[in-house]
Amino acid sequence: VVGAGGIGCELLKNLVLTGFKNIEVIDLDTIDVSNLNRQFLFQKKHVGKSKAQVAKESALQFCPSANITAYHDSIMNPEYNVEFFRKFMLVMNALDNRAARNHVNRMCLAADIPLIESECAHLGYDIYEGMTECYECQPKPTQKTFPGCTIRNTPSEPIHCIVWAKYLFNQLFGEEDADQEVSPDTADPEAAWKPEDTAARATASEKDGDIKRVSTKDWARSTGFDAVKLFNKLFKDDIMYLLTMDKLWKKRKAPTPLDWISKVVGSQCRSGLKDQQVLGVWGYCQLFQHSVETLSSHLQEKGEGAELVWDKDDPPAMDFVTAAANLRMHIFSMNMKSRFDVKSMAGNIIPAIATTNAVIAGLIVLEGLKILAGEVETCRTIFLNKCPNLRKKLLVPCVLDPPSANCYVCASKPEVTVKFNVHKTTVLALQDRILKERFGMVAPDVQIEDGKGTILISSEEGETEANNHKFLSDFGIRNGSRLQVDDFLQDYTLLVNVLHTEELEHDVEFEVVGEAPDKAPTPPSNQEEANSITNGNKDSAQPSTSSKAEDDSDDVMIVDSDEEEAASSATAKPAPSSGTKRKHSDAETGETSTKRPRTTQQSSAAADNDDDDDIIALD
């Protein structure tokens with residue numbers, strides 16, 4: 001069991017009560033008080049302790065004879081390698097982030113172990129290598145990023161201010177990142193102003209603001225992390241500096257600089273939960289001052305050169321981001337947000353409740369029992385609707401799709417085409433931004449297919465560090481070049497085709513052309529090379545065992561209205577075998593329905609299915 005949070009707690013309890021005796025559970029996180037409303041294996045006395053360890057102890061109270069091993073660790077650490085995964089009969093994911101899901105997906109493919117994936121209101125894929133699609137077969141919505149100039153100069157939504165506040169935390173207390181600068185962006189192409197003509201107009205605010213534009217962290221340290229001076233720089237001087245870029249404000253409402261408020265003008269009586277209250281400007285000024293003082297003292301306690309790591313469950317860090325984000329929202333004329341709302345957005349949290357976790361965890365165990373019984377063909381992807389659909393059903397099961405031929409993870413020859421400027425992309429950017437962030441690798445090794453086998457990136461520490469800040473063109477990489485990338489921990493190999501371009505949008509470093517590299521040079525037909533980059537088990541290069549799925553699709557027929565259902569088996573045309581999901585037949589009526597928005601009134605006739613007992617009908 002990977003994850004011992006919302007779904008993981010329910011899952012562990014279900015497993016021991018169902019009779020599973022040998023279970024291993026891993027989670028990196030510790031218990032926070034905010035977990036207690038839905039993670040029922042934890043109590044207030046457990047706050048601050050390891051989730052995996054406490055979950056184990058609580059589950060053993062349900063079944064003392066169970067053999068449970070707990071790991072307080074990250075599943076992405078190298079010791080949890082392919083051999084580690086091979087010792088299991090089943091792997092069940094109860095994770096909350098895509099990077100870890102991708103990693104476990106690849107490890108299970110390499111180990112040839114079934115994986116049951118799940119999310120807050122969706123039981124995902126029962127993944128069998130070569131039989132069903134893997135977690136990465138279907139493209140996922142990209143996690144939203146924002147142009148740097150929007151974050152630094154022209155925020156228009158609360159999330160822009162929250163991202164800015166998280167950047168500010170790292171600039172002041174954490175690891176500095178040049179891509180997370182918070183000062184006004186003088187290179188903003190929209191501003192089109194002349195800094196030499198207008199810099200003089202950015203007047204200082206009394207003597208506290210008479211500062212040079214240096215690193216935010218260096219300047220803050222030079223003031224001893226004086227909260228008032230920091231406030232005036234961030235919320236007055238920098239805003240006045242922005243106002244000198246007058247072209248930015250021709251079609252936007254200009255921001256209003258804030259002065260430190262020296263005394264409380266009035267007090268407000270608030271009701272409701274503390275985290276759901278929206279404080280006034282003065283309240284957030286006080287919170288900003290208090291959090292800066294707390295965080296700077298924590299930094300000093302850690303010693304010279306120490307850094308803090310932002311964590312949504314660390315109260316001072318969360319207070320800082322809440323205060324800084326809300327003050328910036330006020331400056332840019334946005335409605336301020338409660339600490340609860342800021343935490344949800346800053347931590348990319350989808351609010352979860354106990355009931356959805358319980359339903360999904362129950363379904364995971366039911367699917368696991370099917371796999372252990374050898375009834376893989378009866379496994380389903382199941383969605384839990386927020387509201388009943390037109391048939392008054394909450395649970396929507398779908399037949400599992402076969403693997404995607406274009407998947408860059410589980411295909412027999414994984415290949416992808418990436419578009420970027422070889423004269424501006426560094427080796428470090430290729431490693432961190434493209435291979436690790438975009439393609440989910442942990443420790444990639446990169447070799448240029450130039451006939452010499454040039455090693456561009458090595459996962460061995462220090463071996464290729466000298467290459468990091470060189471451009472790819474310095475190594476002869478150009479349009480049409482091919483890079484073979486290996487991640488030995490994941491037993492994963494990817495062929496990257498380079499498409500050079502100088503026409504990317506501002507703030508866009510690269511683009512993935514498509515899952516299938518149709519614009520790339522034709523790969524060599526050498527069979528030996530093709531076999532060398534097959535991922536996971538060697539058998540994965542063999543034809544998919546689910547190829548017959550397309551022949552089965554003629555048992556699903558789409559009809560236009562309820563009146564036609566009776567005659568549909570004789571008159572309706574077969575649904576196209578394009579790999580679209582097919583709904584499992586209804587337990588009561590024998591009907592199936594295609595996956596369309598609920599607003600479209602439609603129904604469909606049933607296939608000859610005799611496994612109706614897989615469906616739970618909630619009327």
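Since this is a predicted model, take the numbers as computed values, not measurements.

A. View of the overall build of the protein chain. Looking only at helices and strands, the protein chain has 17 helices and 15 strands in total. The burial tally for the protein chain puts 49% of its 619 residues in the buried class. The long-range share in the protein chain, meaning contacts at least 24 apart out of those at least 6 apart in sequence, stands at 68%. For the protein chain, the computed accessible surface area is about 31,100 Å², with 49% contributed by carbon and sulfur atoms.

B. Fine view of the pairing of strand S2 (residues 67-71). Sheet topology note: the strand S1 (residues 22-26)/S2 ladder contains 5 bridges and is parallel. Bridge assignment links valine 25 to a residue of S2, and that residue is alanine 70. After leaving S1, the chain enters helix H2 (residues 51-62) and then returns to the sheet as S2, a path that is right-handed.

C. The arrangement of the packing of helix H9 (residues 227-243) against helix H11 (residues 315-331) in detail. Between H9 and H11, whose axes approach to 12 Å, the crossing angle comes to 25 degrees. Looking at the two axes, H9 sits roughly parallel to H11. In the crossing of H9 with H11, the sense of the turn from one axis to the other is right-handed. Contacts from Phe231, Phe235 and Ile239 in H9 reach Ala324, Leu327, Arg328 and Ile331 in H11. Among the residues making up the contact of H9 with H11, the classes are represented as 6 nonpolar, no polar and 1 charged.

D. Looking closely at the packing of helix H10 (residues 281-302) against H11. Packing of H10 against H11 leaves a shortest axis separation of 8 Å and a crossing angle of 140 degrees. Comparing the axis directions of H10 and H11 gives the class oblique. By crossing handedness, the relation of H10 to H11 is classed as left-handed. Taken together, the residues of H11 that come into contact with H10 (itself represented by Val281, Tyr284, Cys285, Leu287, Phe288, Ser291, Val292, Thr294, Leu295 and His298) are Pro316, Ala317, Asp319, Phe320, Thr322, Ala323, Ala324, Asn326, Leu327 and His330. For the contact of H10 with H11, a count of residues per class yields 13 nonpolar, 6 polar and 1 charged.

E. Broad picture of the environment of lysine 386. Within the secondary structure, lysine 386 sits in the loop between strand S6 (380-384) and strand S7 (395-399). Measuring from C-alpha to C-alpha, the distance between lysine 386 and threonine 356 comes to 9.5 Å, with 30 residues separating the pair along the chain.

F. Molecular detail of the nonpolar core. If you look at the biggest cluster of nonpolar residues, it comprises 55 residues, and the most contacted ones within it are Trp164, Phe173, Phe235, Phe288, Phe320 and Leu327. Only helix H6 (158-173), helix H8 (216-222), H9, H10, H11 and helix H12 (339-346) provide two or more residues apiece to this core. In this structure phenylalanine 320 touches Ala165, Leu168, Phe169, Leu172, Phe173, Phe288, Ser291, Val292 and Leu295, once residues within four positions along its chain are discounted. Val16, Ile31, Cys63 and Ala66 belong to the second largest nonpolar core, which has 37 residues in total.

G. Representation of unusual backbone geometry in the model. We note that phenylalanine 225 has phi near 55 degrees; this positive angle belongs to a residue other than glycine. Along the polypeptide, phenylalanine 225 turns up in the loop between H8 and H9. In this model, aspartate 491 sits at a positive phi of 50 degrees, which is unusual for a non-glycine residue. Looking at the element boundaries, aspartate 491 is found in the loop between strand S11 (482-487) and strand S12 (492-500).

H. Examining a nonpolar patch on the surface more closely. On the surface, Met89, Leu366, Leu369 and Leu372 cluster together to form a nonpolar patch covering roughly 380 Å² of accessible area. Following the sequence through the fold, leucine 366 ends up in helix H13 (residues 354-372).

I. Main features of the confidence of the model for the protein chain. Scored by pLDDT, the protein chain has a mean of 78; 73% of the residues are at 70 or more. Here strand S15 (residues 603-605) stands out as the least confident element of the protein chain, with mean pLDDT 34; S1 is the most confident, with 98. Ignoring residues within four places in sequence, the model shows residues 515-534, a span with pLDDT below 50, making 34 contacts including any to other chains. Segment residues 536-613: pLDDT under 50, and 136 contacts once partners within four positions in sequence are set aside and those in other chains are kept.

J. Summary view of the packing of aromatic side chains. Following the criterion strictly, the structure yields 18 aromatic pairs and no others. Between tyrosine 80 and phenylalanine 84, the ring centres sit 5.0 Å apart and the planes meet at 65 degrees, which makes this aromatic pair edge-to-face. Here the two residues tyrosine 80 and phenylalanine 84 agree in accessibility, since each one is buried. Aromatic pair tryptophan 260 and tryptophan 282: ring centres 6.0 Å apart, planes at 70 degrees, arrangement edge-to-face. Taken together, the positions of tryptophan 260 in the loop between H9 and H10 and tryptophan 282 in helix H10 put the pair 22 residues apart, joining distant regions of the chain. For tryptophan 260, a relative accessible area of 19% puts it in the buried group. The class for tryptophan 282 is buried, based on a relative accessible area of 18%. In textbook terms, an aromatic cluster arises when at least three aromatic residues are bridged by ring pairs, as seen for Trp164, Phe169, Phe173, Phe225, Phe231, Phe235, Trp260, Trp282, Phe288 and Phe320. Over the ring of tryptophan 164 we find arginine 328; its NZ or CZ atom is 4.4 Å from the centre of that ring.

Calculation rules
Residues numbered from 1 in each chain as written. Predicted model: local features only at pLDDT ≥ 70, side-chain atom pairs only at ≥ 80, totals over all residues. Heavy atoms only, no water. Helix = DSSP H or I, 4+ residues; strand = E, 2+ residues; numbered from the N terminus. Buried < 20%, exposed > 50% of the residue type's maximum accessible area, 1.4 Å probe, protein only. Contact = heavy atoms within 4.5 Å. Areas by Shrake-Rupley, 256 points an atom, 1.4 Å probe, with all protein chains shown as cover. Pairing = 2+ DSSP bridges. Right-handed = clockwise from strand over helix to strand, strands pointing away. Axes fitted to C-alpha atoms, helices over the stretch in contact; angles between N-to-C directions. Parallel < 35°, antiparallel > 145°, perpendicular 65-115°, else oblique. Left-handed = near helix turned anticlockwise from the far one by under 90°. Nonpolar A, V, L, I, M, F, W, Y, C, P; charged D, E, K, R; others polar. Core = buried A, V, L, I, M, F, W, Y, C linked by side-chain atoms within 4.5 Å. Patch = residues over 30% accessible without salt bridge, like charges linked within 9 Å, V, L, I, M, F, W, Y side chains within 5 Å. Salt bridge = Lys/Arg side-chain N within 4 Å of Asp/Glu carboxyl O. pLDDT = per-residue confidence, 0-100. Phe/Tyr/Trp six-rings, centres within 6.5 Å; stacked < 30°, edge-to-face > 60°. Lys NZ or Arg CZ within 6 Å of the ring centre and 35° of its normal.

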